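Read off the chains here:
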Protein chains: 2
Amino acid sequence: MALNSLGRFVPEVFNGIKRTPYNSAALLTPGGLEYARPVKIVRPGEKKLLSGLREAIIASGLKDGMTIATHHHLRNGDNILNQVVKEIDALGIRNITIASSSVHPVHAEIIPYIKKGVITSLECGVNGPVGEAASKGELDCPIIVRSHGGRARSMMTGEVVVDVAFIGAPCCDEYGNMNGYFGPSACGSLGYSHVDARYAKTVVAVTDNLVPYPVCPVSIPQTCVDFVVQVESLGDPKKIVSTTTRVTKDPIGLMIAKYAAEVIRASGLLKNGFSFQTGAGGTSLAVADNVRRMMLEEKIRGSFGSGGITGYFVDMLEEGLFETLLDVQCFDLRAVESISKNMCHQEISADTYANPFNCGAVVNRLDAVILGATEVDVDFNVNVNTESNGYLLHNTGGHTDTAAGAKLAIIVAPSIRGRLPIILDKVTTVTTPGENIDVIVTERGIAVNSKHEDLKKELIKAKIPVKDIHELRKEITQITGVPRPVEFTDDIIALVEYRDGSIIDTVRRVKE
Amino acid sequence: MALNSLGRFVPEVFNGIKRTPYNSAALLTPGGLEYARPVKIVRPGEKKLLSGLREAIIASGLKDGMTIATHHHLRNGDNILNQVVKEIDALGIRNITIASSSVHPVHAEIIPYIKKGVITSLECGVNGPVGEAASKGELDCPIIVRSHGGRARSMMTGEVVVDVAFIGAPCCDEYGNMNGYFGPSACGSLGYSHVDARYAKTVVAVTDNLVPYPVCPVSIPQTCVDFVVQVESLGDPKKIVSTTTRVTKDPIGLMIAKYAAEVIRASGLLKNGFSFQTGAGGTSLAVADNVRRMMLEEKIRGSFGSGGITGYFVDMLEEGLFETLLDVQCFDLRAVESISKNMCHQEISADTYANPFNCGAVVNRLDAVILGATEVDVDFNVNVNTESNGYLLHNTGGHTDTAAGAKLAIIVAPSIRGRLPIILDKVTTVTTPGENIDVIVTERGIAVNSKHEDLKKELIKAKIPVKDIHELRKEITQITGVPRPVEFTDDIIALVEYRDGSIIDTVRRVKE
């Protein structure tokens, strides 16, 4: 074990691979070459359409010990990963690694296949039951948690080599051109899977909506797709995208949002050319609502909104508050509709969005980002992976990437959640290093990272309740009491990678 | 020297590299991995904007013996290649290879730099004076002629490694996002340079139209661009795109076009889903005009038009005769305007367009293509590279790629050009093998490749003047006489690569 710069013990070798302890948010300097897959050929007249997933798995040459991937644009409606794992099992293939962009609660169905040895490793973060089972020590299946940008990096550098990617394609032709815009399983942007299309050794398009050649517009081109299969359904459309995402009505959330917007204004970033990202949570959207009103009042024309896109950002685009949206995933139906018809609403790959190892991702150009947390600590470190019970329940998403890139990374969180304080002495798990977090906003006060003394002064001038983070922690803890720490065993069930691949923390098995 | 399957002697080693003689149009089977460039990093806050071309050349680390590339979307208006070569010379760098997508008459300015040893090799086909000077033996500078798809392949496989690509960017931001749609040097699609953006070790965006971040829409993303430089002008806008391309008024051209359209109808391909490509020549457009009228009359809805796109194809898109246009280069202003605003007019890379070594390029899906020729022969081999004087004056373009991919590759040419017969016993240079050519249309008659007996019968039924190619050759030669063959020395000045990299022919120095 090695001690990283945040004081976390991390293994030097995990799952047989040598690891680098996290040292600083400044990013490791990459060495070596991009991963190179074998040169392919599909001669004129050759067909790609196969009868189904089983035939595609056979055609792909998938064997014991190989790695597969899917994307999570179908979210908790996804049916592909479960189907693929069942077919792999039926073919007697074992010891498979899953390197999907994320795993959701719906994928609890793979747990028996992990126990059976069909799946033996997860090169991806997890949401829900798979992580819970791992945290309880029920699974013999090491997990590597990566940010969206970190995943793109890991495939670009060859840290993760995907042998077969199964890409859910809501609109696809027989030659593999696809987009996510149309069809019963429309999900909008296919941003995460662009990386798979580029780096996976074999790419299988899986569709429930085969349309005449050629798909228009093309998100992922035929040149990257080896095989096409039709399935009955990609999943449950009701769970693929929200019909709509809404601003919170909770008064605490609204107060937090108001403060966060004031922080953005006080930062001086809210001027022409402003760029902005929020998630789809109710408080995040309430921040966007406040920012939108400020922009309208002050006649500010922003440059771009990025990340997961909601109807709220579509409105801002259409109102002229942004020049363009850079969309790695659509959060609701209005975003899906917009991306299908507005050239200024642009699909971007996870590489373009957040990969730290290219000529500069979109996150590098962000002014402000609004992010959540399950816990923060007095060093501004943020946890979004584990919950207060110590279970690994959430993937990192773009949290670490946007925090690193944005000029102003703001955490919004209620001071107390489920009777537990949000600010701790030390977070259970470090997802995002405090070095990259600028401001923490709660309804009880706002803590500013000490590197931003000027911003702090501006906020005090604007009569925003700035508090020292230790003071804020103390004030909250006086109400909640100091929670009893979760007890962990020594067994490491997951590594949390920083975006450059260094190990920022581990997740251990919870002592039951 | 080795004899290839077309009876052409080709060198086994050229410019120090081992070569494979052409054997068949069926394509070599690729082996090995895609070319991999070093992993890059641009940290948040780092800038890319440099003061000019000289600073960019220095920053790129360009050294003696390296390879540079530009694209030819600026055609004969391009000012970048000449400027870059002058700056390279001024920096004292020597022995540089140019691997641009094409070289045009305007680039005659580089000839003194070839003579001086600044440029010592051309990994690209040439149009005009550079080829003429080489054909006359004035240059010590081996040339490799490739098709558009062959160039993409050569960069994908690492046959050609571009150290520094200078990409002319008509609309660009300081972080390197670019498109070709807007600005004084707007050229439309940047299709050829997508390959450079992906594979060149260092990418420099060169612009005369720096716009606020981010460019919208993005054709080539920031993630691929290392440096950005502003120059006074990318070139002469009047020569970058035609203001308009027009249907021929020449009666011979019109007769040829009518026959060609009849051939397409007789082939049975002209039905819903029809896909089509023509060049921008007056006769080609006249074929499109005939086909368009047939489609309107018979209420046929095609799938796509591809290749270099003219206003004529834009009209067909807007009339609903195509679902989409797949555009690797815009030929006129109407095409430029259309691609900037119509989501069904899609920019594609040269890789997607024509690379034989990926999961299937667009050319593989073409029904019919109309192509030109400087010469054809009784084996249906086509020459587009050399003229009757033996000079290397033309690049291959998409000729070989589309002929290989399309179900019906039709050559349109007047039977006599400059008092010389178009059909010879043997073409001076084989650009495209006869195996891939289906029909040759002249005003004096139509020759059908013997592999299409059914089509021949259909044409005879439709009272189209089908003639045996030997008979047609004889008939034409009775008018023109048999031309005195050009005499060549043994010196090979250029290799002509088939799209898979095998050597289909050589070009030798003309005996003066």
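These numbers come from a predicted model, not from an experiment.

A. Here's a closer look at the overall build of chain A. A count of helices and strands for chain A gives 15 helices and 29 strands. Radius of gyration (C-alpha) of chain A: 22 Å, near the 24 Å computed for a compact globule of 512 residues. Along the first, second and third principal axes, the C-alpha atoms of chain A reach 70 × 55 × 40 Å. Here the analysis covers contacts within chain A between residues at least 6 apart in sequence; of these, 72% occur between residues at least 24 apart. Accessible surface for chain A amounts to roughly 17500 Å². Of this, 51% is attributable to carbon and sulfur atoms. Distance between charge centres in chain A, computed from 53 positive and 59 negative side chains, equals 2 Å.

B. Main features of the interface of chain B and chain A. Contacts between chain B and chain A engage 61 residues on the former and 61 residues on the latter. Taken as a group, V39(B), M343(B) and C359(B) account for 17% of the area that chain B buries against chain A, more than any other trio of residues on that side. Applying the counting rule to chain B against chain A returns four salt bridges. The residue E34(B) makes a salt bridge to R37(A) at a minimum N-O spacing of 3.4 Å. Put simply, chain B and chain A have 30 residue pairs in polar contact (both at pLDDT 80 or more) between them. At the level of elements, α5 (148-157), β17 (324-330), α12 (350-354) and α13 (399-405) of chain B are the ones that each hand at least two residues to the side of chain B that touches chain A. Considered class by class, the residues forming the side of chain B that touches chain A number 33 nonpolar, 16 polar and 12 charged.

C. Broad picture of the domain arrangement of chain A. All names here are of chain A. Each domain of chain A was delimited in the assignment, giving domain 1 (49-123 + 160-236) and domain 2 (251-485). Each of domain 1 and domain 2 has a C-alpha centre, and these two points are 31 Å apart. Summing both sides of the interface, domain 1 and domain 2 together bury roughly 1200 Å²; the carbon and sulfur share of this comes to 52%. Considering only the surface of domain 1 that becomes buried against domain 2, Y181, S189 and Y192 emerge as the three largest contributors, covering 41% of it. Linking domain 1 with domain 2 are zero salt bridges, by the criterion used here. Each residue belonging to the side of domain 1 that touches domain 2 can be placed in one class, and the counts come to seven nonpolar, 10 polar and one charged.

D. Spotlight on the sheet that holds strand β20 (residues 375-377) of chain B. Residues and elements named next belong to chain B. As summarised here, the arrangement of the three strands in space is β21-β20-β25, forming an open sheet in which the pairing is mixed. Since the sheet does not close on itself, it has two edges, and those belong to β21 (382-383) and β25 (423-424), each with one partner. Sheet topology places β20 next to β21; two bridges connect them, and they run antiparallel. For V376, the partnering residue across the bridge sits in β21 and is V382.

E. The pattern of salt bridges, seen in detail. All names here are of chain B. In the structure shown here, the tally under the stated rule is 70 salt bridges over all chains. In this structure, E318 and R334 form a salt bridge, with 3.1 Å as the shortest nitrogen-oxygen distance. On the criterion of sequence distance, the pair formed by E318 in helix α10 (residues 311-318) and R334 in helix α11 (residues 333-339) is long-range, its members being 16 residues apart. Between K467 and E475 there is a salt bridge, and its shortest N-O distance comes to 3.0 Å.

F. Local environment of the sheet that holds strand β27 (residues 445-448) of chain A. Residue and element names in this part refer to chain A. Reading across from one edge, β18-β17-β16-β15-β19-β22-β26-β27 is the order of the eight strands in this open sheet, with mixed pairing throughout. Both edges of this open sheet fall to β18 (345-347) and β27, since each of them pairs with a single strand only. The average undirected angle you get between the axes of adjacent strands in this sheet is 20°. Sheet topology note: the strand β16 (residues 304-309)/strand β17 (residues 324-330) ladder contains six bridges and is parallel. What sits directly across from I309, in β17, is C330. This element, helix α9 (residues 282-297), spans β15 (275-277), β19 (368-371) and β22 (408-412) of the sheet and lies at about 155° to β15.

G. Fine view of the state of the cysteines. All names here are of chain A. Scanning the entire structure with this criterion turns up zero disulfides over all chains. Free of any disulfide, C172 has its nearest cysteine sulfur in C171, 7.7 Å distant. Take C330: it sits in no disulfide, and the sulfur closest to it among the cysteines is that of C187, at 7.5 Å. For C330, a relative accessible area of 0% gives the class buried.

H. Seen up close, the relation of the copies chain B and chain A. With an RMSD of 0.0 Å, the fit of chain B onto chain A corresponds to turning through 180° and sliding 0.0 Å along the axis. Here the symmetry operator amounts to a two-fold rotation axis. The rotation axis passes nearest to the C-alpha of A36(B) in chain B, at a distance of 2.8 Å. Interface residue correspondence from chain B to chain A reaches 100%, placing this contact among same-surface, isologous pairings.

I. Here's a closer look at a nonpolar patch on the surface. Residue and element names in this part refer to chain A. The grouping of M1, L3 and F9 at the surface amounts to a nonpolar patch, some 330 Å² of accessible area in total. Along the chain, F9 turns up in strand β2 (residues 9-10). A residue is classified by how much of its surface remains accessible, and F9, at 48% relative accessible area, is partly exposed.

J. How the structure looks around the environment of G125(A). Residue and element names in this part refer to chain A. Here G125 shows up in the loop between β8 (119-122) and α4 (129-135). Taking the relative accessible area as the measure of exposure, G125 reaches 2% and is therefore buried. The spatial distance from the C-alpha of G125 to the C-alpha of I143 is 7.0 Å, given a sequence separation of 18 residues.

K. Expanded view of unusual backbone geometry. Here the amide bond leading from Y213(B) into P214(B) is cis, since omega sits at -10°, within 30 degrees of zero. Within the fold, P214(B) resides in the loop between β13 (202-207) and β14 (227-230). The linkage connecting C216(B) with the following residue, P217(B), adopts the cis geometry, with an omega of -10°. For R75(A), which is not glycine, the phi torsion reads 45° and is therefore positive. By the secondary structure assignment, R75(A) is in the loop between β6 (67-69) and α2 (80-90). Positive phi, normally seen in glycine, also occurs at K463(B), with a value near 60°. Counting through the fold element by element, K463(B) comes out in the loop between α14 (453-461) and α15 (469-480). Using a relative accessible area of 75% as the deciding quantity, one classes K463(B) as exposed.

L. Just the side chain of R75(B), in detail. All names here are of chain B. Despite its burial, R75 pairs with no opposite charge; the closest candidate is D327, at 8.2 Å N-O. In this structure the side chain of R75 is engaged in a polar contact, spanning 2.7 Å, whose partner is the backbone oxygen of I240. Sequence-distant contacts of R75, that is, excluding residues within four places in its chain, are made with H104, V106, C187, K239, I240, V241, Q329, C330 and F331.

Rules and cut-offs
- Residues numbered from 1 in each chain as written.
- Chains lettered and ligands numbered in written order.
- Predicted model: local features only at pLDDT ≥ 70, side-chain atom pairs only at ≥ 80, totals over all residues.
- Heavy atoms only, no water.
- Helix = DSSP H or I, 4+ residues; strand = E, 2+ residues; numbered from the N terminus.
- Rg over C-alpha atoms; globule rule 2.2 N^0.38 Å.
- Contact = heavy atoms within 4.5 Å.
- Areas by Shrake-Rupley, 256 points an atom, 1.4 Å probe, with all protein chains shown as cover.
- Lys, Arg positive; Asp, Glu negative; His and termini not counted.
- Charge placed at Lys NZ, Arg CZ, Asp CG, Glu CD.
- Buried area = accessible area lost by both parts, 1.4 Å probe.
- Salt bridge = Lys/Arg side-chain N within 4 Å of Asp/Glu carboxyl O.
- Polar contact = N/O pair within 3.5 Å; in protein donor to acceptor, adjacent residues only side chain to side chain.
- Nonpolar A, V, L, I, M, F, W, Y, C, P; charged D, E, K, R; others polar.
- Domains from an automatic or database assignment.
- Pairing = 2+ DSSP bridges.
- Axes fitted to C-alpha atoms, helices over the stretch in contact; angles between N-to-C directions.
- Disulfide = S-S within 2.5 Å.
- Buried < 20%, exposed > 50% of the residue type's maximum accessible area, 1.4 Å probe, protein only.
- Least-squares fit on C-alpha atoms with pLDDT ≥ 70 in both.
- Patch = residues over 30% accessible without salt bridge, like charges linked within 9 Å, V, L, I, M, F, W, Y side chains within 5 Å.

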